[in-house]
Amino acid sequence: MADSDSRDDENAVVTDTDGYVGRITLDRPEAMNTFSTGLAAELDSALHRLEADAEIRAIVVDGAGSAFSAGIDLTEHAQFDDETAYEEWVAGMEEPFVTITEMGTPVIAAAHGHAAANGLGLVAACDLAVAADGTMFGATAPKVGLFCMGPAVPLMDAVVRKRCLELLLTGELIDAETAHEWGLINRVASADGHVEAAMEYAETIASKSPTAIRRGKKAYYEMEGLGYTDALEHSNEQFAALCTTADASVGIEAFLNGDPLDADEWPNA
């Protein structure tokens, strides 16, 4: 697959591909990659484009400049004057969180500098997350008279309730080691190694069955909202369907023959 590099009209997001891995870089470094209306829309569009690319098996999201993302661009606040307008505004900011959970392609956050407010929400919404040593995380909205209600939704699934509420109610920052201890991120990388660490995760995922990964991720999010027995029933249905695929047939045969498939050997690779 040929590498590509593209900028959307507002230049707030850069997309790239490297083999089976897509990369999305938030690119408003002068504004600490805060979520403007444009950045949120471009991020969501980039996720959809890479999801539609049959060759992409994992996606890494990182940020340009000194920070991953410092939240919502508060300079836009004055553009609206009633609750309906504000609701439409913030709904656009949170749309990428919804998209990530609906995608079959795993998404991995590579955070550095600061991941605050919506930046924290994006880290929590991604399927996996790594952070550079020294990264600070926080639900900082109470400092400006707001509350991280949107980021709270993925955050409450990423950490236990008391930790979630500690972040939301205090508005204070925690460091990468604490975020790792709390379960918000999977790994702390070296100060400049967060993208490399995220790419390692992505390439590991990309080496496995594309069909199994996509179906498995979707099934996970579907089961997450079900009761115990309903979740098991749904898992059985999804597993049975997976058993009938070409990936299962070829992958099991290769494994039993002592020669597991690599990334390029899966059907339709």
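Right above here is the structure, for reference.
Conventions and cut-offs
Residues numbered from 1 in each chain as written. Predicted model: local features only at pLDDT ≥ 70, side-chain atom pairs only at ≥ 80, totals over all residues. Heavy atoms only, no water. Helix = DSSP H or I, 4+ residues; strand = E, 2+ residues; numbered from the N terminus. Expected span 1.5 Å × (residues − 1). Buried < 20%, exposed > 50% of the residue type's maximum accessible area, 1.4 Å probe, protein only. Arc of directions from axis to C-beta. Contact = heavy atoms within 4.5 Å. Pairing = 2+ DSSP bridges. Axes fitted to C-alpha atoms, helices over the stretch in contact; angles between N-to-C directions. Disulfide = S-S within 2.5 Å. Salt bridge = Lys/Arg side-chain N within 4 Å of Asp/Glu carboxyl O.

Quick notes on helix α9 (residues 228-243)
Then step 1. Taking 1.5 Å as the rise per residue, α9 with 16 residues should run 22 Å; its terminal C-alpha atoms sit 22 Å apart, in good agreement.
Then step 2. Restricting attention to buried positions, one finds in α9 the residues Ala231, His234 and Leu242. Burial along α9 is one-sided: seen end-on, the buried residues are contained in an arc of 80 degrees. Residues Thr229 and Asn236 are exposed on α9 and point more than 90 degrees away from its buried face.
Then step 3. Here the buried face of α9 lies against α8 (210-224) and α10 (246-256).

Comments concerning the pairing of strand β2 (residues 13-18)
Then step 1. Here β2 pairs with strand β3 (residues 21-26) via six bridges, running antiparallel. Bridge pairing links Asp16 to Arg23 in β3.
Then step 2. Counting the residues between successive antiparallel strands, the hairpin from β2 to β3 contains two residues, one of them, Gly19, with a positive phi of roughly 65 degrees.

Quick word on the sheet that holds strand β8 (residues 136-138)
Hydrogen bonding along the main chain pairs the strands of a sheet, whether they run parallel or antiparallel.
Then step 1. Strand order in the open sheet made by the three strands is β6-β8-β9, with mixed pairing throughout. Strands with a single pairing partner mark the edges of an open sheet, and in this sheet they are β6 (114-116) and β9 (173-175). Between one strand axis and the next, the sheet turns through 20 degrees on average, direction left out of account.
Then step 2. Pairing geometry for β8 and β9, over three bridges, is antiparallel. Bridge pairing in β9 places Gly138 opposite Leu173.

Quick notes on the state of the cysteines
Throughout this description, disulfide means a covalent bond between two cysteine sulfur atoms.
Then step 1. Enumeration over the complete set of coordinates arrives at zero disulfides.
Then step 2. Cys148 takes part in no disulfide bond, and the closest cysteine sulfur, belonging to Cys164, lies 10 Å away.
Then step 3. Using a relative accessible area of 4% as the deciding quantity, one classes Cys148 as buried.
Then step 4. Residue class for Cys164 comes out buried when judged on its relative accessible area of 5%.

A word on helix α4 (residues 149-158)
Three- or four-residue spacings in an α-helix give side chains the same orientation, since the helix completes a turn every 3.6 residues.
Then step 1. Taken as a whole, α4 has its buried residues at Gly150, Pro151, Ala152, Pro154 and Leu155.
Then step 2. In this fold, the buried residues of α4 make contact with α2 (83-102), α3 (118-125) and α5 (161-170).

Things to note about unusual backbone geometry
Then step 1. For Met32, which is not glycine, the phi dihedral falls at a positive 55 degrees.
Then step 2. With respect to the element layout, Met32 can be found in the loop between β3 and α1 (37-52).
Then step 3. A relative accessible area of 33% means that Met32 is categorised as partly exposed.
Then step 4. In this model, Ala117 sits at a positive phi of 50 degrees, which is unusual for a non-glycine residue.
Then step 5. As for its position among the elements, Ala117 is in the loop between β6 and α3.
Then step 6. Among the residues examined, Ala117 registers a relative accessible area of 11% and is labelled buried.

Things to note about the pattern of salt bridges
Then step 1. In this structure the tally under the stated criterion is six salt bridges.
Then step 2. A salt bridge links Arg163 to Glu166, with the shortest nitrogen-to-oxygen separation between them at 3.2 Å. Of this pair, Arg163 and Glu166 are both found in helix α5, three residues apart, which corresponds to roughly one turn of the helix.
Then step 3. By relative accessible area, Arg163 is classed as partly exposed at 31%.
Then step 4. Glu166 sits in the partly exposed class, given a relative accessible area of 36%.
Then step 5. Two residues, Arg187 and Glu200, come together in a salt bridge whose shortest N-O distance is 3.2 Å. One end of the pair, Arg187, is in strand β10 (residues 187-189); the other, Glu200, is in helix α7 (residues 194-206), with 13 residues separating them in the sequence.

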